[in-house]
Amino acid sequence: MTTLAIDIGGTKLAAALVDDALNLVARRELPTPGSKTPDALRAALQTLVEPLVPRATRVAIASTGIIRDGVLLAINPDNLGGLLNFPLTKTLEAITGLPAFAVNDAQAAAWAEYHALHGDYRDMVFLTVSTGVGGGVVSNGKLFTGTGGLAGHLGHTLADPNGPMCGCGRRGCVEAIASGRGIAAAAQGELAGCDARTIFARAGQGNDQAIQLIHRSAHALARLIADVKAATDCQCVVIGGSVGLAEGYLAQVETFLAQEPAVYQVTLQSAHYLHDTGLLGAALLAQGEQS
Ligand code: ADP
Ligand code: BMX
Ligand code: ZN
């Protein structure tokens, strides 16, 4: 079987063909449409997948948002506004003429990264620090998705009761502070209006404010990881997303986590599959669905 894997994020859309041995070819990427209307997303997905469809036998989608029965609901509508109840699998089935399966992006990535650990650990958590902060939990070898798809949305746990409002409606979520959007939203003065990528570049040039913004994100993530260790007793936390994979970020999280008591320490690793982990996780889960 050749799976057409699709990853829908708040910033970018990716697609590739994945075979049963998890070889990934013909990867394509497009920006997530700025208008974020259902029509704009449908059109962008069509453009993205069209060249890949003739070689595919099924579709597997990893998408930001709560995925329930193939439908996408945003927990943080700021990340993917205007898409309340977007019929993800129906849309892709109509575009491709193939059967489609959909799962949350971080849940998919958790499954791919669990697979990459080759049985070293039975309990692990994946965190993406990207447009938002997403999570996926594998406990005793089983991926948690929840009956309503919400399981693992760890970016919406509390970092600071006096922190910024989160798009989900809660104040002070980890996502509002640590995510790419959270980093950008806190930038002031000369960095106001810059995205997280630019802020990382400025930090690399020694800009104090940029360095502090990244510290603030890494510190919130480290505290989240201590909470996650307390909740799951996981043996490993894997970090992905463009912020999570940015040079030096994981080392900062490790430094902040080391300041927590010994019981909360846990091995941290960068995502083995880097930016393809959502694509591969969706493909793996689709294999499981049909086996
Ligand atoms: P998505 O959320 O669509 O899955 P990404 O994982 O690429 O996409 O995350 C997007 C966020 O990461 C944005 O806030 C962007 O500014 C930031 N970003 C992208 N590239 C980099 C980089 N090289 N270093 C740091 N941050 C980055
Ligand atoms: C948000 C939420 C999660 C998602 C996470 C990371 C939406 C649209 N998304 O917390 O479902 O897993 O962002 O998403 O509410 P990404 O776009 O940063 O990859
Ligand atoms: Zn939130």
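Residues numbered from 1 in each chain as written. Chains lettered and ligands numbered in written order. Predicted model: local features only at pLDDT ≥ 70, side-chain atom pairs only at ≥ 80, totals over all residues. Heavy atoms only, no water.

A. Inspection of the coordination of the zinc ion (ligand 3) at higher detail. Here the zinc ion (ligand 3) is held by His156 (ND1), Cys166 (SG), Cys168 (SG) and Cys173 (SG), and the distances to it run 2.1 to 2.4 Å. What the four donor atoms of the zinc ion (ligand 3) show is an angle range of 104 to 120 degrees at the metal, which sorts the shape as tetrahedral. Read in sequence order, the donor residues coordinating the zinc ion (ligand 3) give the pattern H-x9-C-x1-C-x4-C. Taken together, the residues His156 in the loop between β11 (142-143) and α4 (174-178) and Cys173 in the loop between β11 and α4 connect sequence positions 17 residues apart. Exposure remark for Cys173: the relative accessible area of 0% places this residue in the buried category. (Donors = N, O, S within 2.8 Å, 3.2 Å for Na, K, Ca; no water. Tetrahedral: all angles 85-135°; square planar, octahedral: opposite > 155°, others 65-115°. Helix = DSSP H or I, 4+ residues; strand = E, 2+ residues; numbered from the N terminus. Buried < 20%, exposed > 50% of the residue type's maximum accessible area, 1.4 Å probe, protein only.)

B. Geometry of the nonpolar core. Leu127, Leu221, Ile225, Val237 and Tyr249 are the most contacted members of the largest nonpolar core, which has 40 residues in total. Those elements that place two or more of their residues in this core are β9 (124-129), β10 (133-139), α4, α6 (196-204), α7 (208-232), β12 (236-240) and α8 (249-257). No other element matches the eleven residues that α7 contributes to this core. In this structure Leu127 touches Gly134, Gly135, Leu154, Leu221, Leu224, Ile225, Val237, Val238, Ile239 and Gly240, once residues within four positions along its chain are discounted. (Core = buried A, V, L, I, M, F, W, Y, C linked by side-chain atoms within 4.5 Å. Contact = heavy atoms within 4.5 Å.)

C. Seen up close, the site of ligand 1. Close to ligand 1 lie 15 residues, the nearest being Thr11, Lys12, Thr131, Arg197 and Ser242. One of the backbone N or O atoms of Lys12 is found 2.8 Å from an oxygen atom in ligand 1. Thr131 places a polar side-chain atom, nitrogen or oxygen, 2.4 Å from an oxygen atom of ligand 1. Burial of ligand 1 by the protein amounts to 82% of the accessible area it has alone, namely 570 Å². Among the elements that line the shell around ligand 1, the one with the most residues is α6, at three residues. A per-class count over the shell around ligand 1 returns four nonpolar, eight polar and three charged. (Near = heavy atom within 4 Å. Polar contact = N/O pair within 3.5 Å; in protein donor to acceptor, adjacent residues only side chain to side chain. Areas by Shrake-Rupley, 256 points an atom, 1.4 Å probe, with all protein chains shown as cover. Nonpolar A, V, L, I, M, F, W, Y, C, P; charged D, E, K, R; others polar.)

D. Structural context of the packing of α7 against α8. Two numbers describe how α7 lies on α8: the axes approach to 8 Å, and their chain directions differ by 55 degrees. Compared by their axis directions, α7 and α8 come out oblique. The two elements α7 and α8 cross, and the hand of that crossing is right-handed. For the pair formed by α7 and α8, the contact residues are Ile214, His215, Ser217, Ala218, His219, Leu221, Ala222, Ile225 and Ala226 on the first element and Tyr249, Gln252, Val253, Phe256 and Leu257 on the second. Taken together, the residues that form the contact of α7 with α8 break down as ten nonpolar, four polar and no charged. (Axes fitted to C-alpha atoms, helices over the stretch in contact; angles between N-to-C directions. Parallel < 35°, antiparallel > 145°, perpendicular 65-115°, else oblique. Left-handed = near helix turned anticlockwise from the far one by under 90°.)

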